Amino acid sequence: MYRILIVEDEPDIAFGLEDDLKVEGYQVEIAGDGTTAARRALEDSWDLILLDVMLPQKDGFEVCRTIRRAGLRTPIILLTAKTQEAEKVLGLELGADDYVTKPFSPRELRARIKAVLRRSADHTPAVYRFGDVEVDSTRGQLRRAGRPLETTPLEFQLMAVFVRNRGRVLSREQLLAAAWGQGVNVTDRVVDHHIVNLRRKIEPLPEEPRYLICVRGMGYRFDG
Ligand code: CA
């Protein structure tokens with residue numbers, strides 16, 4: 001389920017959006033001012049942020065800047081007023097993904113949300129769940145039963161590659177290129193070694209893996 005942070009100080013619009021997006025199956029939370037928005041954007045994982053520009057405390061542009069400066073790539077759709085034509089450009093330069101002009105039709109906004117989600121991270125939610133495991137790509141963290149797992153950056157990277165390519169067989173060469181980077185000199189056995197370690201952390205029975213499956217002669221497939 002995708003999680004959307006709605007940043008809007010006008011209660012009518014905020015609650016209208018909340019109802020509308022919940023009906024669409026999104027999980028939503030409302031932040032009513034810029035300071036709260038920036039805090040919630042950074043401390044939690046979101047698949048999308050709907051960000052009003054005119055806000056108390058910090059305006060939407062400043063919130064956008066704060067989020068991008070913190071290194072978060074969460075998709076952002078700015079909600080702008082008609083008179084803010086020039087500011088739209090500024091917003092996009094600040095790292096927003098799209099903007100919608102107020103007053104907007106709920107249908108138009110829903111279409112934009114879907115388009116932005118489709119473009120971002122090839123449809124993988126910010127927190128991907130399988131079994132009791134969570135792969136949180138915003139924080140670079142694996143959790144099991146709600147508790148953070150100790151993983152090396154490489155193990156996390158491997159897991160993220162598997163999640164993005166779930167259901168597909170990945171050769172050791174593909175895994176090497178995706179997780180280690182091109183041109184890095186490691187052997188197939190190193191890949192196997194890291195997968196054994198990952199299995200110990202995420203599999204209910206590491207010796208009988210059900211998520212990280214070895215496909216003989218081809219590589220590995222993540223069934224999560
Ligand atoms: Ca406003």
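Please refer to the structure higher up on the page.
Heads up: these notes are all about the structure in this document. It should be emphasised that the depicted structure is a prediction, and the values quoted were computed from it without experimental measurement. (Residues numbered from 1 in each chain as written. Predicted model: local features only at pLDDT ≥ 70, side-chain atom pairs only at ≥ 80, totals over all residues. Heavy atoms only, no water.)

What follows concerns helix H2 (residues 34-43). Listed as buried for H2 are Gly34, Ala37, Ala38, Arg40 and Ala41. Looking at the buried residues of H2, the elements they touch are strand E1 (3-7), strand E2 (27-31), strand E3 (48-52) and helix H3 (60-69). The opening residue of H2 is aspartate 33, an N-cap whose side-chain oxygen sits 3.0 Å from the backbone nitrogen of threonine 35. (Buried < 20%, exposed > 50% of the residue type's maximum accessible area, 1.4 Å probe, protein only. Helix = DSSP H or I, 4+ residues; strand = E, 2+ residues; numbered from the N terminus. Contact = heavy atoms within 4.5 Å. Polar contact = N/O pair within 3.5 Å; in protein donor to acceptor, adjacent residues only side chain to side chain.)

Scanning the entire structure with this criterion turns up 23 salt bridges. Linking arginine 3 and aspartate 44 is a salt bridge whose minimum nitrogen-to-oxygen distance equals 3.2 Å. Of this pair, arginine 3 sits in strand E1 while aspartate 44 is found in the loop between H2 and E3, placing the two residues 41 residues apart along the sequence. Overall, arginine 3 belongs to the buried group, its relative accessible area being 16%. Salt-bridge contacts for arginine 129 lead to glutamate 134; the nearest nitrogen and oxygen are separated by 2.9 Å. We classify glutamate 134 as buried; its relative accessible area is 16%. Linked through salt bridges whose partners overlap, the residues forming this network are Arg3, Glu29, Arg39, Arg40, Glu43 and Asp44. (Salt bridge = Lys/Arg side-chain N within 4 Å of Asp/Glu carboxyl O.)

A few words on the side chain of glutamate 8. Inspection of the secondary structure assignment puts glutamate 8 in the loop between E1 and helix H1 (11-23). For glutamate 8, a relative accessible area of 2% gives the class buried. Among the polar contacts listed, one links the side chain of glutamate 8 to the backbone nitrogen of glutamate 10, at a separation of 3.0 Å. Filtering out sequence-adjacent residues up to four positions away, glutamate 8 remains in contact with Ile13, Ala14, Ile30, Ala31, Gly32, Asp52, Leu55, Leu79 and Lys102.

The next point concerns the packing of helix H6 (residues 153-164) against helix H7 (residues 172-180). Remark: H6 packs on H7, axes separated minimally by 9 Å, with the N-to-C direction vectors making an angle of 120°. With respect to H7, the element H6 is oriented oblique. By crossing handedness, the relation of H6 to H7 is classed as right-handed. Counted together, Leu154, Gln157, Leu158, Val161 and Phe162 of H6 and Leu175, Ala178, Ala179 and Trp180 of H7 form the full contact between these two elements. When the residues that make up the contact of H6 with H7 are grouped by side-chain class, the tally is eight nonpolar, one polar and no charged. (Axes fitted to C-alpha atoms, helices over the stretch in contact; angles between N-to-C directions. Parallel < 35°, antiparallel > 145°, perpendicular 65-115°, else oblique. Left-handed = near helix turned anticlockwise from the far one by under 90°. Nonpolar A, V, L, I, M, F, W, Y, C, P; charged D, E, K, R; others polar.)

With that settled, the discussion passes to the sheet that holds strand E6 (residues 127-130). Here we have four strands laid out as an open sheet, ordered E6-E7-E8-E9, and antiparallel in their pairing. Looking at the sheet topology across the chains shown, the edges are occupied by E6 and strand E9 (147-148). Across four bridges, strand E7 (residues 133-136) lies against strand E8 (residues 141-144) in antiparallel orientation. Each residue of the ladder has a partner; that of aspartate 136, found in E8, is glutamine 141. Across the face of the sheet, H6 comes into contact with E6, E7 and E8 while running at roughly 100° to E7. (Pairing = 2+ DSSP bridges.)

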